[in-house]
Amino acid sequence: MTLLHEARRLREMAYAPYSGFQVGAALRSADGRVFGGCNVENAAYPEGTCAEAGAIAAMVAAGARAIAEIVVVADSPTPVAPCGGCRQKIAEFATAETRVTMATLAGQEITMTAKELLPGAFGASHMDKS
Ligand SMILES: O=c1ccn([C@H]2C[C@H](O)[C@@H](CO)O2)c(=O)[nH]1
Ligand SMILES: [Zn+2]
């Protein structure tokens, strides 16, 4: 199963009645397993969650802690860009070089590293006072 195929499948599961914008995300953890998610909106708009957040939550709940690669797909005119919050969430479980592929339903793809998406990310090292 490719991550793109899984992300496209999960996009179909999105609950997005307010924006009408369905997003799917699939990631491979460093131990080789695949996890995914879709956006889940809410009538209280700020309570909605992104597809990437769902995929990361599934990974963590299964005991994995490292993203090897992640793919996000939406029916957008250009490859969908993870929001700022998701860039930070990805950075938590990625290395600087972890590849993040953004894709459109029509087949356009862009791949960037986690560091390119969020240079200077806040991380645990910033809280290390030793
Ligand atoms: O990378 C992205 C960008 C947007 N959304 C969702 C949030 C909201 O439900 C909808 C419109 O912003 O798309 C994601 O899930 N991931
Ligand atoms: Zn997001």
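The structure presented is a predicted model; accordingly, all values stated were derived computationally and were not measured. (Residues numbered from 1 in each chain as written. Chains lettered and ligands numbered in written order. Predicted model: local features only at pLDDT ≥ 70, side-chain atom pairs only at ≥ 80, totals over all residues. Heavy atoms only, no water.)

Undergrad: Teacher, can you tell me more about the coordination of the zinc ion (ligand 2) here?
TA: Ideal geometry at a metal gives 109.5 degrees between four tetrahedral donors and either 90 or 180 degrees between six octahedral ones. Listed as protein donors to the zinc ion (ligand 2) are C50 (SG), C83 (SG) and C86 (SG); their distances from the metal cover 2.2 to 2.3 Å. Every donor residue of the zinc ion (ligand 2) comes from the same chain, spaced as C-x32-C-x2-C. Within this pair, whereas C50 is found in the loop between β2 (34–38) and α2 (51–61), its partner C83 is found in the loop between β3 (67–74) and α3 (84–93), the two being separated by 33 residues in sequence. According to the relative accessible area criterion, C50 is partly exposed, its value standing at 30%. (Donors = N, O, S within 2.8 Å, 3.2 Å for Na, K, Ca; no water. Helix = DSSP H or I, 4+ residues; strand = E, 2+ residues; numbered from the N terminus. Buried < 20%, exposed > 50% of the residue type's maximum accessible area, 1.4 Å probe, protein only.)

Undergrad: Can you help me understand the nonpolar core in this one?
TA: General note: in soluble globular proteins, nonpolar side chains tend to be found buried as a group. Within the largest apolar cluster, 19 residues are counted, with the highest numbers of intra-cluster contacts made by L27, M59, I67, I70 and I90. Elements supplying a minimum of two residues to this core: β1 (23–29), α2, β3, β4 (99–104) and α4 (114–117). A7, A26, V71 and A103 belong to the second largest nonpolar core, which has six residues in total. (Core = buried A, V, L, I, M, F, W, Y, C linked by side-chain atoms within 4.5 Å.)

Undergrad: What is the right way to read the pattern of salt bridges from this model?
TA: Think of it this way: side chains of opposite charge can pair up when their charged atoms draw near. Taken as a whole, this structure holds three salt bridges when the rule is applied. Note that R9 and E6 form a salt bridge whose closest N and O atoms lie 2.9 Å from each other. With R9 and E6 both in helix α1 (residues 3–11) and three residues apart, this pair spans about one turn of that helix. Look at R9 and you get partly exposed, because its relative accessible area is 42%. (Salt bridge = Lys/Arg side-chain N within 4 Å of Asp/Glu carboxyl O.)

Undergrad: It is not clear to me how the layout of surface pockets should be interpreted in this structure. Could you clarify?
TA: By rolling a water-sized probe across the atoms, one finds the places where empty space is left. The space that makes up the largest pocket amounts to roughly 220 Å³. Taken together, 15 residues line the largest pocket, and the ones lying closest to its centre are A91, E92, A94, A121 and F122. Only α3 and α4 provide two or more residues apiece to the lining of the largest pocket. Here the lining of the largest pocket takes three residues from α3, the largest share from any one element. Split into classes, the residues belonging to the lining of the largest pocket amount to nine nonpolar, four polar and two charged. Of the pockets and cavities examined, the second largest pocket occupies roughly 160 Å³. F21, V23, N39, C50 and E52 are the residues nearest the centre of the second largest pocket, which is lined by 14 residues in total. Here the residues of the lining of the second largest pocket sort into nine nonpolar, three polar and two charged. (1 Å grid on protein atoms, 1.4 Å probe; cavity = no way out; pocket = protein on both sides within 12 Å on 5 of 7 lines; lining within 4 Å. Points joined across faces, edges and corners; volume = space filled by probe spheres on them. Nonpolar A, V, L, I, M, F, W, Y, C, P; charged D, E, K, R; others polar.)

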